[in-house]
Structure formats: C-alpha cells, structure tokens
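Close look at the chain arrangement
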Amino acid sequence: MIRNTFSILNGIGEKLERRLWKSGILTWDDFISASDLKCINKNKKSIFDERLSYAVKELDNANAGYFADTVKRRDHWRLFDVFKGEAACLDIETSGLMPDQGGYVTVVGIYDGYDYRCLVKGMDLTGENLKNELAGYKYLITFYGAAFDIPFLMKSMPDMKFDIPHFDLCFGARKLGFKGGLKRLEIDLGIERPDAVKGMSGYDAVRLWESARNGSAEALDLLIMYNRE
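Small disclaimer: the values here were computed from a predicted structure and weren't measured. (Residues numbered from 1 in each chain as written. Predicted model: local features only at pLDDT ≥ 70, side-chain atom pairs only at ≥ 80, totals over all residues. Heavy atoms only, no water.)

1. Things to note about the overall build of the protein chain
Tallying secondary structure elements over the protein chain gives 11 helices and five strands in all. Considering only C-alpha atoms, the protein chain reaches an extent of 70 × 35 × 35 Å along its principal axes. Looking at the protein chain as a whole, 39% of its 229 residues are labelled buried. A separation threshold of at least 6 residues defines the contact pool for the protein chain, and within that pool the share at least 24 residues apart is 55%. (Helix = DSSP H or I, 4+ residues; strand = E, 2+ residues; numbered from the N terminus. Buried < 20%, exposed > 50% of the residue type's maximum accessible area, 1.4 Å probe, protein only. Contact = heavy atoms within 4.5 Å.)

2. With respect to the nonpolar core
In this structure, Phe-6, Ile-12, Leu-20, Trp-28, Phe-31 and Ile-40 are the most contacted members of the largest nonpolar core, which totals 27 residues. Contributing elements (two or more residues each) for this core: α1 (14-22), α2 (28-33), α3 (42-60), α4 (64-70) and β4 (139-142). Sorting elements by how many residues they give to this core places α3 first, with five residues. Apart from the residues lying within four places of it in its own chain, the contact partners of Ile-40 are Ile-12, Leu-16, Leu-20, Phe-31, Lys-45 and Phe-48. (Core = buried A, V, L, I, M, F, W, Y, C linked by side-chain atoms within 4.5 Å.)

3. Concerning the pattern of salt bridges
On inspection of all chains with the given rule, the structure shows 12 salt bridges. Note that Arg-74 is salt-bridged to Glu-14, the shortest N-O span being 3.5 Å. Of the two residues, Arg-74 sits in the loop between α4 and α5 (80-83) while Glu-14 sits in helix α1, which places them 60 residues apart along the sequence. Here Glu-14 falls in the partly exposed class, since its relative accessible area comes to 36%. The closest approach of N and O atoms between Arg-207 and Asp-204, which form a salt bridge, is 3.0 Å. (Salt bridge = Lys/Arg side-chain N within 4 Å of Asp/Glu carboxyl O.)

4. Considerations on the sheet that holds β4
Spatially, five strands are ordered β3-β2-β1-β4-β5 in an open sheet, and the strand pairing comes out mixed. Looking along the sheet, the strands with just one partner apiece sit at the ends: β3 (116-120) and β5 (166-168). Averaged over neighbouring strand pairs, the angle between their axes works out to 25 degrees when direction is ignored. The pairing of strand β1 (residues 87-94) with β4 spans three bridges and is classified as parallel. The partner of Ala-87 across the bridge, within β4, is Tyr-139. (Pairing = 2+ DSSP bridges. Axes fitted to C-alpha atoms, helices over the stretch in contact; angles between N-to-C directions.)

5. What about the packing of helix α10 (residues 202-213) against helix α11 (residues 217-228)?
Look at α10 against α11: their axes get within 8 Å of each other, and the N-to-C directions meet at 150 degrees. It follows that α10 is roughly antiparallel to α11 by the angle criterion. As for the relative orientation of α10 and α11, their crossing is left-handed in sense. Where α10 abuts α11, its residues Gly-202, Ala-205, Leu-208, Trp-209, Ser-211 and Ala-212 lie against Ala-219, Leu-220, Leu-222, Leu-223 and Tyr-226. Across the contact of α10 with α11, the residue classes tally to nine nonpolar, two polar and no charged. (Parallel < 35°, antiparallel > 145°, perpendicular 65-115°, else oblique. Left-handed = near helix turned anticlockwise from the far one by under 90°. Nonpolar A, V, L, I, M, F, W, Y, C, P; charged D, E, K, R; others polar.)

6. Things to note about the environment of Asp-81
Within the fold, Asp-81 resides in helix α5. A residue is classified by how much of its surface remains accessible, and Asp-81, at 40% relative accessible area, is partly exposed. Asp-81 sits 38 residues away from Leu-119 along the chain, and the two C-alpha atoms are 28 Å apart. Polar contacts involving the side chain of Asp-81 include one to the main-chain amide nitrogen of Met-1, which spans 2.8 Å. (Polar contact = N/O pair within 3.5 Å; in protein donor to acceptor, adjacent residues only side chain to side chain.)

7. Let's talk about the packing of aromatic side chains
Evaluated as defined, the whole model comprises nine aromatic pairs. Judged by centre distance (6.5 Å) and plane angle (75 degrees), the rings of Tyr-104 and Trp-209 are edge-to-face. With a gap of 105 residues between them, Tyr-104 in the loop between β1 and β2 (105-111) and Trp-209 in helix α10 connect regions that are remote in the sequence. Among the residues examined, Tyr-104 registers a relative accessible area of 22% and is labelled partly exposed. Through a chain of ring-to-ring contacts, the aromatic side chains of Trp-28, Tyr-54, Tyr-66 and Phe-67 assemble into a single cluster. (Phe/Tyr/Trp six-rings, centres within 6.5 Å; stacked < 30°, edge-to-face > 60°.)

What is shown is where atoms sit, not what they do.
If you want it as structure tokens, here you go:
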C-alpha cells in the first residue's frame, strides 16, 4: 500500500492523491515514469520524482525509521504490509494514576504474532530491557497507544524513543465505523477471551496489581493473562 501513497510528498493531500489515482497514477513508479501530470507543475514534479526515488531506495533497504518520519501518523497503517513480519503489538498496565500524579507502569506486554513476552515492575521492567525487547522490531501496533500507552511510557521512562511506524488500531477501527473500545470491538468481531479474564477492565488490572504487590502470585498471573489478551 505504501507504494501507492503520495501523501508522503509535501503539498499532496488526500484530494490530490485521489486525483492521481483516478488518472491512472497508482504507484511511485507510475508517477516517476509519467512525462507530464496535469495536476502538478513540472518544477514540482521534478522535486517529487527525486523524493520518490529516494523513498524507493529506503523502502528497499527496509528503513522503517525513515518512513516513521516521512509518512503522516494517520497513514502509518499503509506500511503494515511491508513491515508486518517485523511488527510488535504492545500494551501496558498501570497503577491507575498518571505519571505526574505518581503513577507508573506495572506491566508491558509485547506480542509479535508468535510469542508473548512481558516485563513486570520490580522484576525485569526497566527502560533498558524494554529497549532491548523492541530493538528487533520495525513496526508497532497498539490500541489507543498513540494517546495513552506511548505517552505514558515516555513520561515514565524519559530515555525511551519510539521512532518506528506506529499503527493505532483504535483510530483505524473508527475510520471503518466501529464504535467503543477494544472489548466492544472484540465482541463485534467475535473474538472471545478466556473465562478467567472475560469482562475484566483496567480497574480490575489495578486491583490485581495491588494484590500482586502484597504477595499474591495468582493475582500477578491473572494480570499477565489479562495483558496478554
């Protein structure tokens, strides 16, 4: 999909992009090879050709960081088919308060489509460990993470940087007409959670953490299961 995306060029928005598609310019190669485009003057096209040629090179080199900066955040979903083999889903649990109120991250879960790993506060959750866990990925997937998880992590761990493309499923789902949060979306799509965590909420995750802090291994196991789901 990214090779069909022209909004990476400054001055080309969604309307102009659609005009290009309707005129038969569907890919970067189509754009570069076209001798003349009615909707773009020749001077600009020359500049755009150069930028697209560079983007082709960076895409061939799988330079995710380049596209994280070049592609508008709302269009990061268009990079999924390129980087899906190196994608990580991320979700955090917290103590229930925001960082500026003394809140902190309790669990960070990472799932790559095959394996789930989690880092737990007081055990192995550190900025360095999280960096190491994410170092092997080129694409990030969250649900409402752009508004909550990532800002929370960056406030809690100031050295953390998220410089790879990020697809927030929450906003993608809204564009498709789905309403509500993650659990409502799961119900609409027929996705069921195990009975042990079915119906649990973020408030329950906070309570489980408090029980885990007081020594309940069962509560910690349940919190990790909730995060994994």
